[in-house]
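Geometric and topological summary
The chain contents come next:
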Amino acid sequence: MSPAHYGRCLLGVVEREGLRFINQRGRFVAALVRPLVWLLIFATGFHFVLGVSIIPPYRTYVPYEVYIAPGLIGMIQLFQGMQSSLSMVYDREMGSMRTLLVSPLPRWYLLVAKLLAGVIVSVLQAYVFLAIAWFWEIEPPAIGYLAVLPALILSGMMLGALGLLLSSAIRQLENFAGVMNFVIFPMFFASSALYPLWRVQEASLPLYYICSLNPFTHAVELIRFALYGQLDWVSAAAVVAALLVFMALAIYGYDPGRGMMLRRAAAE
Amino acid sequence: MTEADASLSAKPPEPAAAPRPSAEEAALAVEELSHAFGAREVLRQVSFTVYSGGFTVLLGLNGAGKTTLFSLVTRLYDHRTGAIRIFGAEIKQRPSEALARIGVVFQQPTLDLDLTLAQNLRYHAALHGLPRRLAAERIASEVERVGLSDRLGDKVRQLSGGQRRRVEIARALLHRPRLLLLDEPTVGLDIASRQFLLDHVRRLCREDGLAVLWATHLIDEVDPEGEVIVLHQGRILAQGPVGEVVQAAGASSMRAAFDALTRGAVQ
């Protein structure tokens, strides 16, 4: 297997993911409407209820909409990560997964290619969201739009790897509602996406600890700081660590000698 | 296992019976393969060989273990006993080499309905590392062979069931494998589509020297001129040229032979 083979394979997987995304316009619209509903309705409603004091990276008081924008970008990536990975294990799509796995490149590489393809789509979604959000006065500095790119790639990979891991480990996740209830909502609400952690700390110490350990919190903070041209080292390290752990476990789960393929077959 | 079965499945391996290519040319060699899911034994001591240019039908009722066998041969999961060799390459030890030589048509549909025929095929070509130009040439020629050249730009959703299967066969051949595996490829197809597929794949065997393993539960898909492997409850009850299998079972037709063999196994 030559390096060119690896490159062509990656391009092919990315192209397919992109084409699928373009073709499923419903999915594209849904992916954008979801955070926009939060931004335009939820954030407006809570505008006067939740005050946010001056905390880094912000230098002034910021409206609530501005505070939750990075959290909503995280939400886009969380949904995309779960969808692109988990869709593979649903019966409707199981076939395309088989096609991928019987191709000759090593399985870990195929999974990484699949992960990167999903990340590219989620980064595009995030930028479209940022472009629309600009009209609602979410106007980070110009440098922020550039600095957020590596943050988006990293957080997208971490969340995509989590999706891959779940798809290999949990057979019961037969529909997306289950994923919403047991993964997306807990991760989203127990994070700094909607409220700063110091507020959570005042309300409940245990919840504060949970939020601090939640990798999604670190993804959101990484994006938040990057949008203002800053690097939050702690969050960056936490996201990288979570990415490595999730990906290693996912590759283990997809190993032909153990893991999900065997269990799926056993259950049939 | 009854005496009769034992004598049938213990028949000497094929090379002694008929003039055969040498063992190196075995496209697929399965040896002493057993597989269990927990306590449930799905394959027991399965051994057989498929040669280049041979059309071998793996005949068995639903639940006989055909799909498990296909999953093991395509390394969806690993086998734990026995050996599976694709042109000499053990699938567990040299998976890339082995998989590069296999084309597979799975039982469940695996095309992306929202993509066009050409996009689906290009994706497969990319997975197998074909350069774009070569991929385009092969796509054109394979699609022409299955008579769908004018549909390249159509979404797969617009194709009929039979046409989709033809696309899957064209796709499986893009990387020029020398062994083609098909798991119940005709399920749900009308008679004309079934016949087209059978004729097409038999022609591939004859003209291109492709080795084919065709799994089915439909006895009339057995090629009277070809080979058959009768798999029942995870065991091979008989294998060899169809004529010999029918004769050895003391039957007049493949259907009668299959009935006689499987009735014996139940007792």
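Note: the structure precedes this text.
The text that follows walks through the structure, step by step, so that each part is easy to find. Position numbers for residues count from 1 along each chain, tracking the sequence in the order it is written. The lettering of chains begins at A and the numbering of ligands begins at 1, in the order of writing. Since the coordinates come from a predicted model, pLDDT governs what is reported: local features require at least 70, and pairs of side-chain atoms require 80 or more to be given and counted, while whole-chain, interface and lining totals use all residues. Only hydrogens and water are set aside; all other atoms, that is, all heavy atoms of the structure, feed into the side-chain values.

**Some words on the pattern of salt bridges**
The condition that has to hold: By definition here, a salt bridge exists when the distance from a side-chain nitrogen of Lys or Arg to a carboxyl oxygen of Asp or Glu is within 4 Å. Secondary structure elements follow DSSP: runs of H or I no shorter than four residues count as helices, runs of E no shorter than two count as strands, and numbering proceeds from the N terminus. Per-residue accessibility, obtained with a 1.4 Å probe over protein chains only, is compared with the maximum for each type, and a residue is labelled buried under 20%, exposed over 50%, and partly exposed between these values.
Taken as a whole, this structure holds 21 salt bridges over all chains when the rule is applied. When the shortest N-O distance is used, the salt bridge between E221(A) and R224(A) registers 3.2 Å. Within this pair, E221(A) and its partner R224(A) are both found in helix α10 (residues 215-227), separated by three residues, close to a single helical turn. The exposure class assigned to E221(A) is buried, which follows from its relative accessible area of 14%. The buried category is assigned to R224(A), whose relative accessible area is 1%. With a closest N to O distance of 3.2 Å, R194(B) and E221(B) form a salt bridge. Placement of R194(B) in helix α8 (residues 191-208) and of E221(B) in the loop between β8 (211-216) and β9 (227-232) is noted, with a sequence separation of 27 residues between them. Per residue, the accessibility class of R194(B) equals that of E221(B), and both read buried.

**Considerations on the packing of helix α5 (residues 117-127) of chain B against helix α6 (residues 132-145) of chain B**
Residues and elements named next belong to chain B. The condition that has to hold: Here an angle of 0 to 180 degrees is reported between the N-to-C directions of two axes, which are lines fitted to C-alpha atoms, with helices fitted over the stretch in contact. Throughout, the term roughly parallel applies to angles under 35 degrees, roughly antiparallel to angles over 145, roughly perpendicular to angles from 65 to 115, and oblique to all others. Crossing handedness is read from the near helix: turned anticlockwise from the far helix by less than a right angle, it gives a left-handed crossing, and turned clockwise, a right-handed one. Any two residues whose heavy atoms approach within 4.5 Å at even a single point are treated as in contact. For this scheme, ten residues count as nonpolar: Ala, Val, Leu, Ile, Met, Phe, Trp, Tyr, Cys and Pro. Four count as charged, namely Asp, Glu, Lys and Arg, and the remainder, Gly too, count as polar.
Close contact between α5 and α6 brings their axes to 10 Å; oriented N to C, the two are set at 125°. Between α5 and α6, the interaxial angle falls into the category oblique. Seen along the crossing, α5 lies across α6 with a hand that is right-handed. Residues L117, A118, L121, R122 and A125 of α5 form the contact with α6, whose own contacting residues are R132, A135, I139 and V143. The class makeup of the residues in the contact of α5 with α6 is seven nonpolar, no polar and two charged.

**With respect to the interface of chain A and chain B**
Heads up, the rule is: Using a 1.4 Å probe, buried area is obtained as the accessible area two parts lose upon being combined, added over both of them.
Listed by partner, the interface residues are 30 residues for chain A and 34 residues for chain B. Summed over both sides, the interface between chain A and chain B buries roughly 3,000 Å², with carbon and sulfur atoms accounting for 59% of that surface. On inspection of chain A and its partner chain B, the count reaches four salt bridges. Taking the shortest distance from any N to any O, the salt bridge between R132(B) and E15(A) comes out at 2.7 Å.

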